[in-house]
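What the coordinates show
Each chain is listed here by its residues.
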Amino acid sequence: MSLDRTDVEKIAHLARLNIAEQDIQEYAENLSNILKLVDQMQAVDTHDIAPMAHPMDAIQRLRVDEVTEGNQRDHLQTVAPAVEAGLFQVPKVIE
Amino acid sequence: MLDKTLAELAQGLATGEFSSVELTRNYLDRIRAEDGSLNSFITVTEEQALAQAEAADQRRAAGDADPFTGLPIAHKDIFCTEGVRTSCGSRMLDNFISPYNATVVENFNRAGAVSLGKTNMDEFAMGSSNESSFYGPARNPWNTECVPGGSSGGSAAAIAGGLTPAATGSDTGGSIRQPAALCGITGLKPTYGRVSRYGMIAYASSLDQGGPMAHTAEDTAMMLNVMAGFDPKDSTSIDKAVPDYTLTLNDSLKGLKIGLPKEFFSGEIDPQITAQVQSAIREFEALGATVKEVSLPNTHLAIPAYYIIAPAEASSNLSRFDGVRYGYRCEDPVDLEDMYKRSRGEGFGEEVKRRIMVGTYALSEGFYDAYYKKALQIRRLIQQDFVNALSEVDIIMGPTTPHPAFKLGEKTSDPVAMYMEDIFTISLNLAGMPGMSVPCGFANGLPVGLQLIGNYFAEERLLNAAHQFQQATDWHRQRPVR
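What comes next concerns the included structure. (Residues numbered from 1 in each chain as written. Chains lettered and ligands numbered in written order. Predicted model: local features only at pLDDT ≥ 70, side-chain atom pairs only at ≥ 80, totals over all residues. Heavy atoms only, no water.)

Looking now at the overall build of chain A. Secondary structure assignment for chain A yields three helices and two strands. Shown N-terminal to C-terminal, the secondary structure of chain A runs as helices and strands in the order α-α-α-β-β. What you see for chain A is a C-alpha radius of gyration of 22 Å, clearly larger than the 12 Å of a compact globule of 95 residues, by over 25%. Summarising its shape, the C-alpha atoms of chain A cover approximately 55 × 45 × 25 Å along the three principal directions. Scored against the burial criterion, the 95 residues of chain A give a buried share of 31%. Counting every atom, chain A has about 6700 Å² of accessible surface; 51% of that belongs to carbon and sulfur. Computed over 8 positive and 17 negative side-chain charges, the inter-centroid distance for chain A is 6 Å. (Helix = DSSP H or I, 4+ residues; strand = E, 2+ residues; numbered from the N terminus. Rg over C-alpha atoms; globule rule 2.2 N^0.38 Å. Buried < 20%, exposed > 50% of the residue type's maximum accessible area, 1.4 Å probe, protein only. Areas by Shrake-Rupley, 256 points an atom, 1.4 Å probe, with all protein chains shown as cover. Lys, Arg positive; Asp, Glu negative; His and termini not counted. Charge placed at Lys NZ, Arg CZ, Asp CG, Glu CD.)

Okay, here's the thing in C-alpha cells:
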C-alpha cells in the first residue's frame, strides 16, 4: 500500500496534526515504507485465529462503584495552559 | 564507590562504611562532571536527592531501614514524579510538572530510595537509539559517537557511565533489553501486568511494561522486589503474590533446559554477536544446563504486527495531548481546531507524528480488519510459538540485538532500518512474557547482550540463571575507560 500527498493530508487531519507543506512528501515516502513492511502480514492465512488483545486474555477488571478520590481540581489545574474560575480556557467555539 | 553494584552499596550503607548523603553527593558530583558528554539525564533533582538521602540516613539510624533505604537510583522520564518535570522526552511535556507520582516511583519512595533525577529517552518511548528525544540523544559511554540504544537509552548510559547504580526503564518493543545490551548492563522486562503502569506515560498500553536496569541480575532482583506487585490503579495489573526475587538467585542450574531458537541465529546478524552468545551458552552448559534447538517460526512477522498494534494504540493514547489541560499549547490559536493541530504539530517530533499517522490510518474506516485485526491474529501466532517452545524448555536464549551499538545518525534517515534492530526483542512484548538482557562479551569494543526469555511470571528463574552466569563470568564487571 502506497500513500500519496492527499492521503497524508487526510490522515494528518484525522489525527489533528499540522504538517508543514514541505514535509508532506517525506511523510508519504516513510509511511509507505512502513506500510510495505507491515504488508508482510497479508501473506499469512489467519482465517481461524482469534485476535489477541491481551497476553493472558484477561478481561478488564472492574472496581466497586464508590468514590475513592477527593476533589483535586485546583491541584491538577496548576499544570493547565489557561484556566479561569476552575474552567479550562480554549479559543472561542461558539460565536 | 561509584563502580560498585547496588548490592555492594547496600552492604556499605548497612555496615556504616558510608552514609546515603555521602553516596548521593558522590553520584551528583559525577553527574555534574560527566553528563555534559553523555546527556543521559534530562533533569537532575539535586536538592530532593539530598533531602531523601538525609531522611534515609535518619531512618537507618532509627533502625527502620528497608534493603533499599538510602540507595540512589534514577527514573526514566516516562514515570510521573510529583513536583518534578516529567517530559517523556518530548517538547509536548517540556513544561509538565507532574501533580502525582507513578506507582513505581511511590514504591521506591516508600522503600527509602534516593532519586537522582530523570533520565533521557526517545520521545514517548518511540525509538531504538534515543535520537528522537527533544533533549538531544544520550550517548553510549563505551563510545560516545555511538547510540546507547532506546528508548531507555538515558537509563542505560547513566548506569554504564557510573552516574547512577541503577535506573527504571520501560519496554514496549525492547526498550529495556536493547539499550541494556548496547551499554553492557543488565535489564529485565517483566511479565505484562507484573509492574504497575499507573503514572507511566502510555505509549502502547497492551505492550508497555516497566522494569529494572542495573549492573547485575542481583541488583535487578532487588529492584523488582520494590517494583512488582498488584496495583488497583492499573486495570491491567495482575493480582498475584510477589516472591522475594533475591532468595532463588543461588539455586543450581543443574538440569536447566535451554532452548535456542534457530530463527535467532540466522539472517542479518553480526557473526561476532553469534560467537559471543554461543560462548555464553557453553558457560551455561558448564553450569549444568542442557541445550536444544527450538523454533519460533513466526518471528519474521513480529515487526510487521508490532508496527500496526503499537502505532494504533499510540494514536489513541496520544490523542490526550491536545493543548487543553496540560502540556504544550501553540501561540495565538485562531480557533479550536487550529489549537489542536498546531499544538500537536509543534509539540510532537517526527517519529511520534509518523507513528500517530500509521496508527490513525490503520484504525480508519475500511482498514481495521486488514491491519489491526490481522495484526492481533498474528500476535496470537507469535504467542503460540513461545508457548510451544517453552513447553519443551525452561528458558529460551539468544542474542538481544543483531548488531552492537551503531553510530549516531546512521539510521535516522531510514525508519524501517531502525525498526529492524528490534527483531529479537519485539516478539516478546507481543507475547507478554518476561525477558532479560545480560552482558556476555564485546564486538569491536562494544558490549554484546545475551537475551533470556521465560514463561509468564518466570522472573525468578530468569534472574537465577542470569545471576549464576554472572557468578561464573565478569562481563558485568567491565566498565568503559573514562
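Turning to the environment of Ala389(B), a few remarks are in order. You can see Ala389(B) is positioned in helix H12 (residues 368-392). Distance in space between the C-alpha atoms of Ala389(B) and Ser295(B) is 6.7 Å, their sequence separation being 94 residues.

All right, on to the pattern of salt bridges then. All names here are of chain B. Evaluated as defined, the whole model comprises 20 salt bridges over all chains. Across the pair Glu 392 and Lys 292 runs a salt bridge whose closest N-O atoms are separated by 2.8 Å. Of this pair, Glu 392 sits in helix H12 while Lys 292 sits in strand S8 (residues 290-294), and the two are 100 residues apart along the sequence. Exposure remark for Glu 392: the relative accessible area of 37% places this residue in the partly exposed category. We classify Lys 292 as partly exposed; its relative accessible area is 38%. Put simply, Asp 29, Arg 32 and Glu 46 are held in one network by salt bridges that share partners. (Salt bridge = Lys/Arg side-chain N within 4 Å of Asp/Glu carboxyl O.)

A few words on the nonpolar core. Of all hydrophobic cores here, the largest spans 172 residues; its most connected members are Phe68(B), Phe124(B), Phe284(B), Leu450(B) and Leu452(B). Leaving out residues up to four positions away in the same chain, Leu450(B) has contacts with Val277(B), Ala280(B), Ile281(B), Phe284(B), Met397(B), Gly398(B), Thr400(B), Met436(B), Ser437(B), Val438(B) and Cys440(B). (Core = buried A, V, L, I, M, F, W, Y, C linked by side-chain atoms within 4.5 Å. Contact = heavy atoms within 4.5 Å.)

What follows covers the interface of chain B and chain A. Think of interface size as the accessible area that goes away when the parts come together; that is how it is often given. Of the residues lining the interface, 71 residues belong to chain B; the matching set on chain A comes to 48 residues. Here chain B and chain A share an interface that buries about 5300 Å² over both sides, 68% of which is from carbon and sulfur atoms. Summed over the shared surface of chain B and chain A, the number is zero salt bridges. Remark: the boundary between chain B and chain A carries 20 residue pairs in polar contact (both at pLDDT 80 or more). (Buried area = accessible area lost by both parts, 1.4 Å probe. Polar contact = N/O pair within 3.5 Å; in protein donor to acceptor, adjacent residues only side chain to side chain.)

This brings us to a nonpolar patch on the surface. Residue and element names in this part refer to chain A. A grouping of Val 90, Val 93 and Ile 94 is seen on the molecular surface, where their side chains present a nonpolar patch of about 300 Å² in accessible area. Its location among the elements puts Val 90 in the segment after strand S2 (87-88). By relative accessible area, Val 90 is classed as partly exposed at 34%. (Patch = residues over 30% accessible without salt bridge, like charges linked within 9 Å, V, L, I, M, F, W, Y side chains within 5 Å.)

For the rest of this paragraph, the subject is helix H10 (residues 336-347) of chain B. Between its first and last C-alpha atoms H10(B) spans 16 Å; for twelve residues at 1.5 Å apiece the expected length is 16 Å, and the two agree. Among the residues making up H10(B), those that are buried are Asp338(B), Met339(B), Lys341(B), Arg342(B), Ser343(B), Arg344(B), Gly345(B) and Gly347(B). Looking at the buried side of H10(B), the elements it contacts are helix H1 (5-14) of chain A together with helix H11 (350-362) of chain B. Two or three places before Glu337(B), at the start of H10(B), stands the capping residue Asp335(B), its side-chain oxygen 3.3 Å from that residue's backbone nitrogen. (Expected span 1.5 Å × (residues − 1).)

Residues and elements named next belong to chain B. The buried count for strand S11 (residues 446-453) comes to eight of eight residues, which makes it a mostly enclosed element. Examined bridge by bridge, strand S9 (residues 395-399) and S11 share four bridges and lie antiparallel to one another. Its bridge partner lying in S11, Pro 399 is registered against Leu 450. Here strand S10 (residues 435-443) pairs with S11 via eight bridges, running antiparallel. The partner of Met 436 across the bridge, within S11, is Leu 452. (Pairing = 2+ DSSP bridges.)

This part is about the environment of Tyr306(B). All names here are of chain B. By secondary structure assignment, the location of Tyr 306 is in helix H9 (residues 302-317). For Tyr 306, a relative accessible area of 3% corresponds to the buried category. Placed 113 residues apart in sequence, Tyr 306 and Tyr 419 show a C-alpha to C-alpha distance of 9.9 Å. When sequence neighbours within four positions are dropped, the list of residues in contact with Tyr 306 reads Thr 172, Gly 173, Tyr 203, Leu 207, Pro 311, Arg 355, Ile 426 and Leu 430.

Residues and elements named next belong to chain B. Enumeration over the complete set of coordinates arrives at 18 aromatic pairs over all chains. Consider the rings of Phe 124 and Phe 348, whose centres lie 5.8 Å apart with planes at 75°: the pair is edge-to-face. Residue Phe 124 is found in the loop between strand S3 (114-119) and helix H5 (153-160), and its partner Phe 348 is found in the loop between H10 and H11; the two are separated by 224 residues along the sequence. The exposure class of Phe 124 is buried, given its relative accessible area of 1%. Put simply, the rings of Phe 96, Phe 124, Phe 321, Tyr 326 and Phe 348 pair up and form one aromatic cluster. Geometry around Phe 457 places Lys 240 over its ring, the cationic atom sitting 5.1 Å from the centre. Across from the ring centre of Phe 406, 5.2 Å away, lies the NZ or CZ of Lys 411, which sits over that ring. (Phe/Tyr/Trp six-rings, centres within 6.5 Å; stacked < 30°, edge-to-face > 60°. Lys NZ or Arg CZ within 6 Å of the ring centre and 35° of its normal.)

A separate point is unusual backbone geometry. All names here are of chain B. Across the junction of Gly 150 and Ser 151, the peptide omega takes the value 5°, indicating a cis bond. One non-glycine residue with positive phi stands out, namely Phe 124, at about 50°. Although it is not a glycine, Asn 444 sits at a positive phi angle of roughly 50°. Note on Asn 444: relative accessible area 62%, which makes it exposed.

Before going further, it helps to examine helix H4 (residues 103-111) of chain B. Residue and element names in this part refer to chain B. Inspection of H4 places Thr 103, Val 104, Val 105, Asn 107, Phe 108 and Ala 111 among the buried residues, and these make up the whole buried set. Its buried side turned inward, H4 meets helix H3 (46-61), strand S2 (72-76), strand S4 (166-171) and helix H7 (217-227). One or two residues past the end of H4 sits Gly 112, with phi positive at roughly 90°.

What follows is about the packing of helix H8 (residues 271-286) of chain B against helix H15 (residues 459-472) of chain B. Relative orientation and spacing of two packed helices are given, respectively, by the angle between their axes and the distance between those axes. All names here are of chain B. At a minimum axis separation of 10 Å, H8 and H15 run at an interaxial angle of 95°. Taken together, the axes of H8 and H15 lie roughly perpendicular to each other. The residues of H15 that touch H8, namely those facing Ala 280, Glu 283 and Phe 284, are Ala 465, Phe 469 and Ala 472. Per-class residue counts for the contact of H8 with H15 are five nonpolar, no polar and one charged. (Axes fitted to C-alpha atoms, helices over the stretch in contact; angles between N-to-C directions. Parallel < 35°, antiparallel > 145°, perpendicular 65-115°, else oblique. Nonpolar A, V, L, I, M, F, W, Y, C, P; charged D, E, K, R; others polar.)

What is shown is where atoms sit, not what they do.
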